[in-house]
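Per-entry structural report
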Amino acid sequence: MSDLDFNSNQYHAEISDLASDLYDEALEQNDNDHESAMDAISDRMLHELVDGHQWVIYTYSNDLVARFSDNAEAYRECYDNESIGQIVTDKGLEGMKPIIAYFAMHQDISDEIYRLNRLYAAA
């Protein structure tokens, strides 16, 4: 199996690992200040991670992200039907796949980071 081919369990394990690593990195860069770490994650770090992830970059994996994500409709928070129609008109259905994958992964990782932050706050 290539890195571009994965199943639901592998997807969710990757999301968990990415979130944990990102959270740890943000804490390290912000002297273990959780509020500053969360700000850094939301300001830039999460976008950079997701935008450069191979599952967002490669079309084959886009379909799998949409299938396994808990948030495959997350892109609708930023794109209305008119915008989606314009993308499909300009780029075809293939033009929506990386958008769907990006927002789905972004939200899945955000949800996991939120969970991690709550665990820290409860400790």
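Above this note sits the structure.
Residues numbered from 1 in each chain as written. Predicted model: local features only at pLDDT ≥ 70, side-chain atom pairs only at ≥ 80, totals over all residues. Heavy atoms only, no water.

Brief notes about the overall build of the protein
Helix and strand counts for the protein come out as 6 helices and 0 strands. Secondary structure of the protein in N-to-C order comes out as α-α-α-α-α-α. Overall size of the protein, expressed as C-alpha extent along the three principal axes, is 50 × 35 × 20 Å. Looking at the protein as a whole, 37% of its 123 residues are labelled buried. When contacts within the protein are restricted to residue pairs at least 6 apart in sequence, those whose partners lie at least 24 apart make up 74%. (Helix = DSSP H or I, 4+ residues; strand = E, 2+ residues; numbered from the N terminus. Buried < 20%, exposed > 50% of the residue type's maximum accessible area, 1.4 Å probe, protein only. Contact = heavy atoms within 4.5 Å.)

Re helix α4 (residues 59-68)
Among the residues of α4, those classed as buried are Ser61, Asn62, Leu64, Val65 and Phe68. Those residues of α4 hidden inside the fold are in contact with α1 (8-29), α3 (54-57) and α6 (97-122).

Brief notes about the nonpolar core
A general trend in soluble globular proteins is that nonpolar side chains are found buried together. Membership of the largest hydrophobic core comes to 35 residues, with the highest contact counts inside it found for Tyr11, Ile41, Val65, Met105 and Ile109. Residue assignment for this core shows that the elements contributing at least two residues are α1, α2 (34-51), α3, α4, α5 (81-91) and α6. Element by element, the count of residues in this core is highest for α6, at 10 residues. The contacts of Val65, once residues within four sequence positions are left out, are Phe6, Tyr11, Trp55, Ala101, Ala104 and Met105. (Core = buried A, V, L, I, M, F, W, Y, C linked by side-chain atoms within 4.5 Å.)

What about the side chain of Ser69?
In this structure, Ser69 sits in the loop between α4 and α5. The exposure class assigned to Ser69 is buried, which follows from its relative accessible area of 11%. For Ser69, the side chain forms a polar contact with the main-chain nitrogen of Asn71, separated by 2.8 Å. For Ser69, the contacting residues outside a window of four places in its chain are Tyr11, Ala104 and Asp108. (Polar contact = N/O pair within 3.5 Å; in protein donor to acceptor, adjacent residues only side chain to side chain.)

A closer look at a negative patch on the surface
Taken together, the side chains of Asp17, Asp21, Asp24, Glu25 and Glu28 present a region of like negative charge at the surface. Residue position: Glu25 is located in helix α1. With relative accessibility at 39%, the residue Glu25 sits in the partly exposed group. (Patch = residues over 30% accessible without salt bridge, like charges linked within 9 Å, V, L, I, M, F, W, Y side chains within 5 Å. Areas by Shrake-Rupley, 256 points an atom, 1.4 Å probe, with all protein chains shown as cover. Salt bridge = Lys/Arg side-chain N within 4 Å of Asp/Glu carboxyl O. Lys, Arg positive; Asp, Glu negative; His and termini not counted. Charge placed at Lys NZ, Arg CZ, Asp CG, Glu CD.)

Section: the pattern of salt bridges
Two side chains carrying opposite charge are able to pair once their charged atoms lie near each other. Scanning the model with the defined rule gives 4 salt bridges in all. Of the charged contacts in the structure, one is a salt bridge between Glu94 and Lys97, with a shortest N-O distance of 2.9 Å. Take Glu94: its relative accessible area is 44%, and that puts it in the partly exposed class. Note that Arg115 and Glu112 form a salt bridge whose closest N and O atoms lie 2.6 Å from each other.

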